[in-house]
Each structure stands twice: as C-alpha cells, then as structure tokens.
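# Structural overview
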Amino acid sequence: GGADDNLLSLVLQAGALGEAPSTLNVVSVIVFGLSQLAAIPVYCELARETMDSHLPAMSHRSSFWACHVAPWVICCITYNSALFESFVEWSSLLLLGFCNFSLPLLLELRMQRGENAKQEPKSRGIVLWVFCLVSSSIAAVIVERITSNLLLAEVTFMAVTLGIFNTIY
C-alpha cells in the first residue's frame, strides 16, 4: 500500500516519533467520528421525507427502502473498494459540483432577471461570469477525469463558457 492519507490517522500520528498521540488528538478524532455517524440517519430521514413529499407515485415503504436501506447495502458491498471510491468521486463531481456551486448562481441570475426585466443590475454581470467559470471548470474536470486529456478539458471549458453566454445573452 501507499502512504496513509486518512486525515484522522494523520492527526493521531501528529506527535513525535514513538510517542503516543495526545489526549486532545484522540478525543478530537472520537468526537468527529461520532458527530459524523449521528448525521447519517438524519440525512437518510430527510431524503425519505423529500421523496414522500415530491414523488407521490412512490409509496412510503419504497422511499424508506430507497433512503434507509439501500445506502447501507451499497456501503457494505463496496466498503474499502475502488468501486466505492469511484462512486463517491463521480457522484461528487456530477451532482454536488453542479448543485452546490452552479445551481445557486443560476437561481440568482434567474431571480435578477425576474425582479427587474427592464433594468439590469450591475451584479448580474459578475454573477454570470462566476457561473460560467464555475460550471465550465466542473465540466472540464469531468472531461479530464474521463479522458486524461488536458487539451480536451480546455476545449470543453471554452465550449461550455461560450454555450452559457450564447444561451443567456
């Protein structure tokens, strides 16, 4: 195996060579682990409630299985495997990248357009540029990860940027 890149392991190894980790480091790692473990059921329940609210065709039992059971089954099957690492990486790139960074900027642009169609706010140009840079960067990273071709990623960056400007203006 390679070097240990787990942050919590590195915190515990932060002391001098041969010395035991400090009590503060051990307590910090334990509290962090417990805090993350406690959040998982909350996220699962929020996902179930969202599915129940917005997908009326799905039964309560189906949403329970999809949100409370399926994630644990997937984790058990893929634990400590390259498949799980790949799943987390791609779901983060595809879903979280756009949802956390591009979507709020797009909503801001739409809100500004709806508020005052005749008079364009000065901040609209800034938000548009940031939206283009963020969305184009995410698309370029995805293409680079798939193809390992930096030139193709740059072309994707430019194409997405031009496409966004062409669509919005």
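Residues numbered from 1 in each chain as written. Predicted model: local features only at pLDDT ≥ 70, side-chain atom pairs only at ≥ 80, totals over all residues. Heavy atoms only, no water.

## Thoughts on the overall build of the protein chain
What the protein chain contains, in helices and strands, is 6 helices and 0 strands. Traced from its N-terminal end to its C-terminal end, the protein chain shows the element sequence α-α-α-α-α-α. Burial analysis of the protein chain (169 residues in total) assigns 20% to the buried set. Of the contacts made within the protein chain by residues no fewer than 6 positions apart, 49% connect residues no fewer than 24 positions apart. (Helix = DSSP H or I, 4+ residues; strand = E, 2+ residues; numbered from the N terminus. Buried < 20%, exposed > 50% of the residue type's maximum accessible area, 1.4 Å probe, protein only. Contact = heavy atoms within 4.5 Å.)

## Some points on the packing of helix 2 (residues 23–54) against helix 3 (residues 60–78)
Here helix 2 crosses helix 3 at 150°, and the two axes come no closer than 9 Å. By the angle class used here, helix 2 and helix 3 are roughly antiparallel. The handedness of the crossing between helix 2 and helix 3 is right-handed. Residues Ile40, Pro41, Cys44, Glu45, Ala47, Arg48, Met51 and Asp52 of helix 2 touch helix 3, and the partners they reach there are His60, Ser63, Phe64, Ala66, Cys67, His68 and Trp72. Here the contact of helix 2 with helix 3 is composed, by residue class, of 9 nonpolar, 3 polar and 3 charged. (Axes fitted to C-alpha atoms, helices over the stretch in contact; angles between N-to-C directions. Parallel < 35°, antiparallel > 145°, perpendicular 65-115°, else oblique. Left-handed = near helix turned anticlockwise from the far one by under 90°. Nonpolar A, V, L, I, M, F, W, Y, C, P; charged D, E, K, R; others polar.)

## Side note on the pattern of salt bridges
Following the criterion strictly, the structure yields 3 salt bridges and no others. Linking Arg145 and Glu89 is a salt bridge whose minimum nitrogen-to-oxygen distance equals 2.5 Å. Taken together, the positions of Arg145 in helix 5 (residues 123–147) and Glu89 in helix 4 (residues 82–115) put the pair 56 residues apart, joining distant regions of the chain. Among the residues examined, Glu89 registers a relative accessible area of 24% and is labelled partly exposed. The structure contains a network of salt bridges with shared partners spanning Glu45, Arg48 and Asp52. (Salt bridge = Lys/Arg side-chain N within 4 Å of Asp/Glu carboxyl O.)

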